[in-house]
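Analysis of the macromolecular model
Spelled out, the chains give:
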Amino acid sequence: FIGSTVTLHPDFGAGTFHNQTLGIPYQVVAGSQAKVPVTLGAFFDESDPGPEPIPSNALIEGYPKPGNGDRHVLVLEKDGCWLYELYNASVKNGKWSADSTAIWDMTINEQRPYTWTSADAAGLPVFVGLARYDEVTAGAINHALRFTVPTSQKAFVLPATHWASTTTDPNAPPMGTRIRLKASFNISGYPADDQVILTAMKKYGMILADNGSAIFISGVPDDRWNNTNLNLLKNITASNFEVVQMGTIYTPANVPTGPSPTISSFTANPTSVTAGSPVTLSWSVSNSTYNIIDPQVGPVRGTQIVVTPTATTTYTFYSTNQFGRTTATVTVTVH
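Notes on the structure in this doc start here. Predicted, not measured: the structure shown is a model, and the values here were computed from it. (Residues numbered from 1 in each chain as written. Predicted model: local features only at pLDDT ≥ 70, side-chain atom pairs only at ≥ 80, totals over all residues. Heavy atoms only, no water.)

A short note on the environment of Thr166
Basically, it comes down to this: Under the DSSP-based scheme used, a helix requires at least four consecutive residues in state H or I and a strand at least two consecutive residues in state E, with every element numbered from the N terminus.
With respect to the helices and strands, the residue Thr166 is situated in the loop between β12 (153-156) and β13 (174-175). For the pair Thr166 and Gln153, spaced 13 residues apart in sequence, the C-alpha to C-alpha distance is 7.1 Å.

So this is what it looks like as structure tokens:
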């Protein structure tokens, strides 16, 4: 299904092609970055709702002319260690919309609920699979890389949680398949920057994250990339890789099930205030992986947070684990 003779292709680089940058961009913001609502589209029921710290000038994949591609927007909030990812994102009159959103807690080993997508078809975070120029100049990429294939299986293997295929042939790769450059492959003749990428492919490999062209690997657009050197990677074929043992392959027949989080309480104190007065939202939840409050707040840790509503507001608490999501609401009256 992948094709033993197809060649590796860096889907990133310097400059533009058809007025589009090459790769998937990201931006870093501080915890003080204002959060804005995101209108959800096609995959709203598997998205993380709530406001996100997306700058009005955030880079959309394909900028300066994003076009009709995947239009990812990736935002790292550095103070709280949150990663916000949007798929098929657009901004109009300062208002953001996306077909899918995922919020990742970078302090834990977070997993999407089984069968849920993310901003990526495999239900994985996009940012952590990108080759970045700063990593290459530092001399090491210390993680697996994201790659695509034309045909995947209607199945996934962890850490992936979602399939995007109708193909049930067991020879097709499930989402999350990890392939690794063979240890015997000689990289000594490649330029130093290529050797950093190839070394990562030998140590950490590449994880199948989406449907697309055969063994296209993802990276961040950067005008400092040497495209001539990157193009040398196209001499490497799929047969130079091996598939790493997968463990359990999950299909519609054996997807794990279990209890969603239990929200024991979600309260506001006080529940009636004058505009601009502080209100403490408190919660008690068990069996939860991550929690989000919408509107105004976004992802939260701990057991309480202070808000200052300016109008009567119903707050929704979303608690998610690997099996699903539970919600609770509380209304604060503003007079």
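Right, picking up where we left off after that structure.
A look at unusual backbone geometry
Among all residues except glycine, the phi angle is most often negative; among peptide bonds, the trans geometry is most common. Inclusion rule: For the exposure calls, accessible area comes from a 1.4 Å probe over protein chains only, and a residue counts as buried if that area is under 20% of its type's maximum, exposed if over 50%, partly exposed in between.
Residues Leu158 and Pro159 are joined by a peptide bond in cis, for which omega reads 15°. Residue placement: Pro159 occurs in the loop between β12 and β13. Each neighbour pair has its own omega, and for Asn269 with Pro270 the value is -5°, a cis peptide bond. Mapped onto the fold, Pro270 is located in the loop between β18 (262-269) and β19 (272-273). Unlike most non-glycine residues, Cys81 shows phi in positive territory, near 60°. Its place among the elements puts Cys81 in the loop between β6 (73-77) and β7 (82-87). Taking the relative accessible area as the measure of exposure, Cys81 reaches 34% and is therefore partly exposed.

As for the sheet that holds β7
Using the following cut-off: Note: two strands are recorded as paired if DSSP finds a minimum of 2 bridges between them. Here the axes come from fitting lines to C-alpha atoms, over the contacting stretch only for helices, and the angles between their N-to-C directions go from 0 to 180 degrees.
A sheet is described by the order of its strands in space; here 4 strands give the open sequence β4-β6-β7-β10, paired in mixed fashion. With one partner strand each, in any of the chains shown, β4 (27-29) and β10 (100-105) form the two edges of the open sheet. Taken over all neighbouring pairs, the strand axes of this sheet differ in orientation by 20° on average, direction set aside. Relative to β6, β4 runs parallel, the two sharing 3 bridges.

Here's the deal with the packing of aromatic side chains
Geometry of an aromatic ring pair is reported as the spacing of the ring centres plus the angle between the planes. Our working rule: When two rings of Phe, Tyr or Trp (its six-membered ring) have centres within 6.5 Å they constitute a pair, described as stacked for plane angles under 30 degrees, edge-to-face for angles over 60, and tilted for the intermediate range.
Under the definition given, this model contains 11 aromatic pairs. The interplanar angle of 65° and the centroid separation of 4.9 Å between the aromatic rings of Tyr26 and Phe127 together place this pair among those described as edge-to-face. With Tyr26 in the loop between β3 (20-21) and β4 and Phe127 in the loop between β10 and α1 (133-138), this pair connects stretches of sequence that are 101 residues apart. Residue class for Tyr26 comes out partly exposed when judged on its relative accessible area of 25%. The class of Phe127 is buried, set by a relative accessible area of 9%.

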